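# Observations on chain architecture
Spelled out from the first residue to the last, the chains are:
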Amino acid sequence: MTANKPVVNILLVDDEPANLLALEAVLESLGQNLVRAKSGEEALRALIYKDFAVILLDVMMPGMNGFETAAHIRDRDRSRHTPIIFLTAMGKTETEMFKGYALGPSTT
């Protein structure tokens, strides 16, 4: 990247290694720092050490799912306003979509 375009951190969270690889393949041309997390717990640990411009978060994960992870992300002052994009391969009900909307956007 050039001096006038700063590199930002993007957090990719998915329990499936193939999905993380696919996300990296799609996003690598942006020239940003892509950080992998294989679980909600690992994502929360990454947030202790780095700030992220955006978080791409799988909804269906064992242990702490994406909605629970997002709720913890929103509880932290440093990440309260970080945009979250939920990813899932599963069909979701309208109730689950609205739950994602409630957790995903940053609030002021």
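See the structure shown above.
Residues numbered from 1 in each chain as written. Predicted model: local features only at pLDDT ≥ 70, side-chain atom pairs only at ≥ 80, totals over all residues. Heavy atoms only, no water.

The next thing to look at is the pattern of salt bridges. Applying the stated criterion across every chain, the model contains three salt bridges. The partner of Arg36 in a salt bridge is Glu24, with the nearest N and O atoms 2.8 Å apart. Of the two residues, Arg36 sits in strand 2 (residues 33-37) while Glu24 sits in helix 1 (residues 17-27), which places them twelve residues apart along the sequence. By relative accessible area, Arg36 is classed as partly exposed at 34%. The residue Asp51 makes a salt bridge to Arg78 at a minimum N-O spacing of 2.8 Å. Remark: Arg78 occurs in the loop between helix 3 (66-75) and strand 4 (84-87) and Asp51 occurs in the loop between helix 2 (40-49) and strand 3 (54-58); sequence separation between them is 27 residues. (Salt bridge = Lys/Arg side-chain N within 4 Å of Asp/Glu carboxyl O. Helix = DSSP H or I, 4+ residues; strand = E, 2+ residues; numbered from the N terminus. Buried < 20%, exposed > 50% of the residue type's maximum accessible area, 1.4 Å probe, protein only.)

A few words now on the sheet that holds strand 1 (residues 9-13). Across the sheet, four strands lie side by side as 2-1-3-4; this open sheet has parallel pairing. A strand with exactly one partner marks an edge of an open sheet, and here the two such strands are strand 2 and strand 4. Strand after strand, the sheet turns through a mean of 20° between neighbouring axes, direction not considered. Bridge analysis of strand 1 against strand 3 gives four bridges, and the strand direction is parallel. When the bridges of strand 3 are listed, Ile10 appears paired with Val54. Docked against the sheet, helix 2 engages strand 1, strand 2 and strand 3, running at close to 165° with respect to strand 1. (Pairing = 2+ DSSP bridges. Axes fitted to C-alpha atoms, helices over the stretch in contact; angles between N-to-C directions. Contact = heavy atoms within 4.5 Å.)

As a further point, take helix 1. If you check which residues of helix 1 are buried, you get Leu20, Leu23, Glu24 and Leu27. The arc that holds the buried residues of helix 1, viewed along the axis, is 100°, so those residues lie on one side. Exposed residues on helix 1 whose side chains face more than 90 degrees from its buried face are Ala18, Leu21 and Val26. Looking at the packing, one finds that the buried side of helix 1 touches strand 1, strand 2, strand 3 and strand 4. (Arc of directions from axis to C-beta.)

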